[in-house]
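# Fold and geometry: a report
One-letter residues, chain by chain:
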Amino acid sequence: MSEITDAAERLKRIVESDADGRVNAALRVAQSDVRAVLCELMDVSRLDMRVEPLGAGYRVTVTADADAIYGVGKIDAAY
């Protein structure tokens, strides 16, 4: 590889790493907020959030395990 090509590859990896870092930081904040909201409605025992690139955007998948779901409004029984 030439020095220019090598430098371009290093720069590309830095930019990708920085973008991943920003996404991961945002995901940690979002996961905390999502957990807080869900805990108002259910007894969350595990929460998993994943982000994957999807075309020009992202797919965010939230999976929560709950030991109980609390009554909300007219719903008065736990499921």
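Residues numbered from 1 in each chain as written. Predicted model: local features only at pLDDT ≥ 70, side-chain atom pairs only at ≥ 80, totals over all residues. Heavy atoms only, no water.

A separate point is the overall build of the protein chain. When its secondary structure is counted, the protein chain shows one helix and two strands. Starting at the N terminus, the α and β elements of the protein chain follow one another as α-β-β. Classification of the 79 residues of the protein chain by burial places 8% in the buried group. Long-range contacts, defined as pairs at least 24 residues apart, comprise 28% of the intrachain contacts of the protein chain with a sequence gap of at least 6. Carbon and sulfur atoms provide 55% of the accessible area of the protein chain, an area that totals close to 6300 Å². (Helix = DSSP H or I, 4+ residues; strand = E, 2+ residues; numbered from the N terminus. Buried < 20%, exposed > 50% of the residue type's maximum accessible area, 1.4 Å probe, protein only. Contact = heavy atoms within 4.5 Å. Areas by Shrake-Rupley, 256 points an atom, 1.4 Å probe, with all protein chains shown as cover.)

A separate point is the environment of V62. Its location among the elements puts V62 in strand β2 (residues 57-69). Considered as a pair, V62 and D48 are 14 residues apart in the sequence and their alpha carbons are 5.8 Å apart. Once residues lying within four places of it in the same chain are set aside, the contact partners of V62 are V34, L47, D48 and M49.

In this section: a nonpolar patch on the surface. On the surface, a nonpolar cluster with roughly 350 Å² of combined accessible area is contributed by V51, Y58, V60 and V62. Considering every element that reaches the nonpolar patch, the biggest residue donor is β2, with three residues. By relative accessible area, V62 is classed as partly exposed at 41%. (Patch = residues over 30% accessible without salt bridge, like charges linked within 9 Å, V, L, I, M, F, W, Y side chains within 5 Å. Salt bridge = Lys/Arg side-chain N within 4 Å of Asp/Glu carboxyl O.)

Our focus in this paragraph is the pairing of β2. By the bridge criterion, 12 bridges tie strand β1 (residues 42-54) to β2 in an arrangement that is antiparallel. By the bridge assignment for β2, D48 is matched with T63. Between β1 and β2, which follow one another and run antiparallel, lie two residues, and G55 among them has a positive phi close to 60°. (Pairing = 2+ DSSP bridges.)

Here the focus is the confidence of the model for the protein chain. Regions with low pLDDT carry predicted coordinates that are not meant to be interpreted in detail. Taken over all residues, the pLDDT of the protein chain has a mean of 78, while the share at 70 or more is 65%. Put simply, helix α1 (residues 3-41) is where the protein chain has its lowest mean pLDDT, 75, and β2 is where it has its highest, 92. (pLDDT = per-residue confidence, 0-100.)

Tallied over the full model, the rule gives two salt bridges. For the salt bridge of D65 with R46, the shortest nitrogen-to-oxygen distance reads 3.0 Å. Separated by 19 residues along the polypeptide, D65 in strand β2 and R46 in strand β1 bring together distant segments of the chain. R46 sits in the partly exposed class, given a relative accessible area of 39%. When the shortest N-O distance is used, the salt bridge between D48 and R50 registers 2.8 Å. Relative accessible area serves as the criterion here: at 54%, R50 is assigned to the exposed category.

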